[in-house]
Amino acid sequence: MSSPSTAGSDLEFVVRTIARTAVDNERQFSDLDAVAGDGDFGYSLARGFEIVLADWDTFDRSSPAEFLKRVAMVISKRVGGTSGPLWGTAFLRAAMAVKDRPDLAGLNGEDAVAMLRAATEGIKVRGRSDVGDKTLLDALVPMTDAVEKELGGADGGATGAGAARVAATTARAAADATTPMQAMRGRQSYTGERSIGSPDPGAVAVAVMAERIADTWDARD
């Protein structure tokens, strides 16, 4: 097992920020879920990502794939309800997308988009859901599209900070747009029309995580 890097990579920064955001927003995410669900989304997510943070220095950093697979294993085992399989699958699929990359610090914009695309497709298959079903996909898919467009712009001048800000803005707008939708998958779908009128907790979580990444990008190690 390789030792933790001194400066850290962008991938490590993103994963650690996601974990911290999940823990810090446990109450908010649970309150959103309680409107038309079990109210345990924030609790489940926080418990899993607490372990990610606690075990942070023990993760294998020999390659991006090994690092992400370790995170996926923790999430799959520690996050309860339907969130564990979905978020665990997302990290595992992201790992597979960069399985040929040898160095955490060597990932580029194309790799970032590939990881997001792979995570999205994994969630679709595992959750048997798609855009329009009022799930985290309703924020994740448009966010990924926006990031890909930003990084692939004709001027070639896109930066990590710029892509992070585009991701945050797009994810927030997409999460807000789930408010008038009726949930078609997950526990909230059991409540039928009662799910109308509040944003999807998973989509909001994606937005909040993207916003924190963008807000702290320039201060990352």
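Below is a short write-up of the structure. Being a predicted model, the structure only gives us computed values, none of them experimental. (Residues numbered from 1 in each chain as written. Predicted model: local features only at pLDDT ≥ 70, side-chain atom pairs only at ≥ 80, totals over all residues. Heavy atoms only, no water.)

1. Thoughts on the layout of surface pockets
Here is the rule we go by: The way it works is a 1 Å grid over only the protein atoms, where trapped points that fit a 1.4 Å probe form a cavity and open points with protein on both sides within 12 Å along at least five of seven lines form a pocket, and then any residue with an atom within 4 Å of a point lines it. Grid points are joined across faces, edges and corners, and a volume is the space filled by probe spheres set on the points. Numbering of helices and strands runs from the N terminus, with a helix taken as a DSSP run of H or I at least four residues long and a strand as a DSSP run of E at least two residues long. Asp, Glu, Lys and Arg are counted as charged, while Ala, Val, Leu, Ile, Met, Phe, Trp, Tyr, Cys and Pro are counted as nonpolar; the rest, among them Gly, fall into the polar class.
In this structure, the largest pocket encloses a volume near 960 Å³. Around the largest pocket, the lining is made up of 38 residues, and of these Val14, Ala112, Met115, Leu116 and Ile213 lie nearest the centre. Contributing elements (two or more residues each) for the lining of the largest pocket: α1 (10–24), α5 (83–97), α6 (109–127), α7 (137–151), α8 (160–176) and α9 (201–216). Here the element with the most residues in the lining of the largest pocket is α6; it accounts for six residues. Of the residues assigned to the lining of the largest pocket, the class counts are 31 nonpolar, six polar and one charged.

2. Regarding the pattern of salt bridges
Our working definition: Counted as salt bridges are all cases of a side-chain nitrogen of Lys or Arg within 4 Å of a carboxyl oxygen of Asp or Glu. Think of it in three bands: with a 1.4 Å probe and only protein chains considered, a residue is buried below 20% of the maximum accessible area for its type, exposed above 50%, and partly exposed in between.
Throughout the structure, instances matching the rule amount to 16 salt bridges. Of the charged contacts, one joins Asp10 and Arg220 as a salt bridge, the two residues approaching to 2.7 Å between their closest N and O atoms. Of this pair, Asp10 sits in helix α1 while Arg220 sits in the segment after α9, placing them 210 residues apart in sequence. For Asp10, a relative accessible area of 36% translates into the label partly exposed.

3. Focus: α8
Short version of the rule: Under the convention used throughout, the expected extent of a helix is 1.5 Å for every residue step, that is, one less than its residue count. In what follows, residue pairs with any heavy atoms lying within 4.5 Å of each other are defined as contacts.
In a regular helix each residue adds 1.5 Å, so 17 residues correspond to 24 Å; α8 covers 24 Å between its end C-alpha atoms and thus fits that length. Buried residues along α8 sit against α7 and α9.

4. Side note on the packing of α1 against helix α3 (residues 41–54)
Two numbers describe a pair of packed helices, the interaxial angle and the distance between the axes. What counts is decided by this rule: For helices, the axis comes from a line fit to the C-alpha atoms of the stretch in contact; other axes are also lines fit to C-alpha atoms, and the angle between any two N-to-C directions lies between 0 and 180 degrees. We call two directions roughly parallel when the angle between them is under 35 degrees, roughly antiparallel when it is over 145, roughly perpendicular when it lies between 65 and 115, and oblique otherwise. Two helices cross in a left-handed way if the nearer one is turned anticlockwise from the farther one by less than a right angle. They cross in a right-handed way if the turn is clockwise.
Close contact between α1 and α3 brings their axes to 8 Å; oriented N to C, the two are set at 135°. Between α1 and α3, the crossing angle belongs to the class labelled oblique. α1 and α3 meet at a crossing whose hand is left-handed. Packed against α1, whose contacting residues are Arg16, Ile18, Ala19, Arg20, Ala22 and Val23, the element α3 presents Leu45, Ala46, Phe49, Glu50, Val52 and Leu53 at the interface. When its residues are assigned to classes, the contact of α1 with α3 shows nine nonpolar, no polar and three charged.

5. Quick word on the nonpolar core
We count it as follows: What we call a nonpolar core is a set of buried Ala, Val, Leu, Ile, Met, Phe, Trp, Tyr and Cys residues that are connected through their side-chain atoms within 4.5 Å.
Grouped together as the largest cluster of nonpolar side chains are 59 residues, with contacts concentrated most on Leu45, Phe49, Val52, Phe67, Leu68, Trp87 and Phe91. For this core, the element with the highest residue contribution is α9, accounting for ten residues. Not counting residues within four places of it along the chain, the set of residues in contact with Val52 comprises Ala19, Phe59, Val71, Val74 and Ile75.

6. Side note on the packing of aromatic side chains
What counts, and what does not: Pairing of aromatic rings covers Phe, Tyr and the six-membered ring of Trp, with a centre-to-centre limit of 6.5 Å; geometry is then stacked below 30 degrees between planes, edge-to-face above 60, and tilted otherwise. Comment: the charge-over-ring label is applied if NZ (Lys) or CZ (Arg) is within 6 Å of the ring centre and within 35 degrees of the ring normal.
For the coordinates displayed, the defined rule picks out seven aromatic pairs. Consider the rings of Phe29 and Phe41, whose centres lie 6.0 Å apart with planes at 45°: the pair is tilted. One end of the pair, Phe29, is in helix α2 (residues 26–36); the other, Phe41, is in helix α3, and twelve residues separate them in sequence. Judged by relative accessible area, Phe29 falls into the buried class, the value being 0%. Pairing Phe49 with Trp87 gives two aromatic rings, centres 6.2 Å apart and planes at 85°, and the pair type is edge-to-face. Taken together, the residues span a long stretch of sequence, with Phe49 in helix α3 and Trp87 in helix α5 at a distance of 38 residues. For the residue pair Phe49 and Trp87, the accessibility class agrees, reading buried in each case. Residue placement shows Arg47 over the ring face of Tyr43; its charged tip is 4.7 Å from the ring centre. Lying over the aromatic face of Trp56, Arg61 brings its terminal NZ or CZ to 5.1 Å of the ring centre.

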